[in-house]
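# Geometric and topological summary
In case you want the letters, here they are:
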Amino acid sequence: MIKIIIADDHEIVLDGLELVIKNDPNIEIVGRALTGTDVISIVNTKNVDIVVLDINMPIMDGIETTKFLKKNHPEIKILILSMHEEISFIRSIFNAEANGYILKNKGKEELLSAIYSIHNGKDYFSEEVTQSIYATLKSKDVVGEIKLTEKEKQVLTYIGNGYTGPEIADKLNIAKTTFETHKRNLIEKTGVRNSNTLIKFAIENGYYNPT
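In what follows, the accompanying structure is described. All values derive from a computational prediction rather than experimental measurement. (Residues numbered from 1 in each chain as written. Predicted model: local features only at pLDDT ≥ 70, side-chain atom pairs only at ≥ 80, totals over all residues. Heavy atoms only, no water.)

## Regarding the overall build of the protein chain
- Broken down by element type, the protein chain carries ten helices and six strands.
- Considering the protein chain as a whole, with its 211 residues, one finds that 48% of them fall into the buried category.
- Sequence-distant contacts, at least 24 apart, represent 64% of the contacts inside the protein chain between residues at least 6 apart. (Helix = DSSP H or I, 4+ residues; strand = E, 2+ residues; numbered from the N terminus. Buried < 20%, exposed > 50% of the residue type's maximum accessible area, 1.4 Å probe, protein only. Contact = heavy atoms within 4.5 Å.)

Here it is, written out as structure tokens:
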């Protein structure tokens, strides 16, 4: 059972989210929150797997809440649900290390897909969000003085497209341990902190192939 909190400063939005989610037998809503501080209060009293979070909330907004949870409850995954697709908002979400970002105008299927993907360890960013980032990115050839091998570039491209480690290993016909070596080398060469920030690096530097 996937245990989630839904958070938005509008009760009508929470009602809509609950209506969409409650009939899924594998998902349980363990709390509703109107502010980031409400989210934290629930997290401190209940087991939570995922927080579905709006950006614009009073007292403590979605960005602040995401940063707090990532620091104090890193096991909890964060899915941002917002109307904003401007690059400034998207970059803020990446910097806060959220696990997903979809727009409120998407349907039930994408919301549930995002929840399942995140629960299974795969970050999820809607097509509009990744296209918005891609439209403002630098060329693939502009990665400062970082020297990557062709195989590392392939791995980084798959990472930028949101594939998991086992999926990348399968697509490149390499062992999982070889993939981990490539990923470790990429983290070292790019100077990022972890896998989430490596995804951010990949997208921001054009290692993403929109379809």
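There's more to say after this.
## Remarks on the packing of helix H1 (residues 11–21) against helix H5 (residues 108–119)
- Relative orientation of the contacting elements H1 and H5 amounts to 75 degrees, with a least axis distance of 10 Å. In terms of orientation, H1 and H5 fall into the roughly perpendicular class. Residues Leu17, Val20 and Ile21 of H1 form the contact with H5, whose own contacting residues are Lys108, Leu111 and Ile115.
- Here the residues of the contact of H1 with H5 are counted per class, giving five nonpolar, no polar and one charged. (Axes fitted to C-alpha atoms, helices over the stretch in contact; angles between N-to-C directions. Parallel < 35°, antiparallel > 145°, perpendicular 65-115°, else oblique. Nonpolar A, V, L, I, M, F, W, Y, C, P; charged D, E, K, R; others polar.)

## A short note on the sheet that holds strand S1 (residues 2–7)
- Spatial ordering of the open sheet is given by S2-S1-S3-S4-S5-S6, a layout of six strands whose pairing is parallel. The sheet terminates laterally at strand S2 (27–33) and strand S6 (124–125), the two strands that pair on one side only.
- The sheet contacts of helix H3 (residues 62–72) involve strand S3 (50–53) and strand S4 (77–82), and relative to S4 the element is tilted by about 175 degrees. (Pairing = 2+ DSSP bridges.)

## Concerning H3
- Of the residues making up H3, those classed as buried are Gly62, Ile63, Thr65, Thr66, Leu69 and Lys70. In a view along the axis of H3, the buried residues occupy a sector of 160 degrees, so they form one face of it. (Arc of directions from axis to C-beta.)

## With respect to the pattern of salt bridges
- On inspection of all chains with the given rule, the structure shows nine salt bridges.
- Across the pair glutamate 150 and lysine 153 runs a salt bridge, and its minimum N-O distance is 3.6 Å. Taken as a pair, glutamate 150 and lysine 153 lie in helix H7 (residues 150–160) at a separation of three residues, close to a single helical turn.
- Residue lysine 153 is classed as partly exposed on the basis of its relative accessible area of 29%.
- Look at the salt bridges and you will find they share partners, linking Glu11, Asp15, Glu18 and Arg32 into a network. (Salt bridge = Lys/Arg side-chain N within 4 Å of Asp/Glu carboxyl O.)

## Observations regarding the pairing of S3
- Burial of the side chains of S3 extends over both faces: Ile50 and Val52 are buried on one face and Val51 and Leu53 on the other.
- One ladder, built from four bridges, connects S1 with S3; its direction is parallel. Within S3, the residue paired with isoleucine 5 across the bridge is valine 51.
- Taking the sense of rotation as the criterion, the β-α-β connection linking S3, H3 and S4 turns out right-handed. (Right-handed = clockwise from strand over helix to strand, strands pointing away.)

## Comments concerning the pairing of S1
- In terms of burial, S1 is largely enclosed, as five of its six residues are buried.
- Taken together, the six bridges between S1 and S2 define a ladder with parallel strand orientation. In the sheet register, isoleucine 2 faces S2, and the bridge partner there is isoleucine 27.

## What about H7?
- Burial in H7 covers these residues: Glu152, Val155, Leu156, Thr157, Ile159 and Gly160.
- Buried residues in H7 make contact with helix H8 (165–172), helix H9 (176–190) and helix H10 (195–204).
- Looking one or two places after H7, you find glycine 162, whose phi comes out positive at around 85 degrees.

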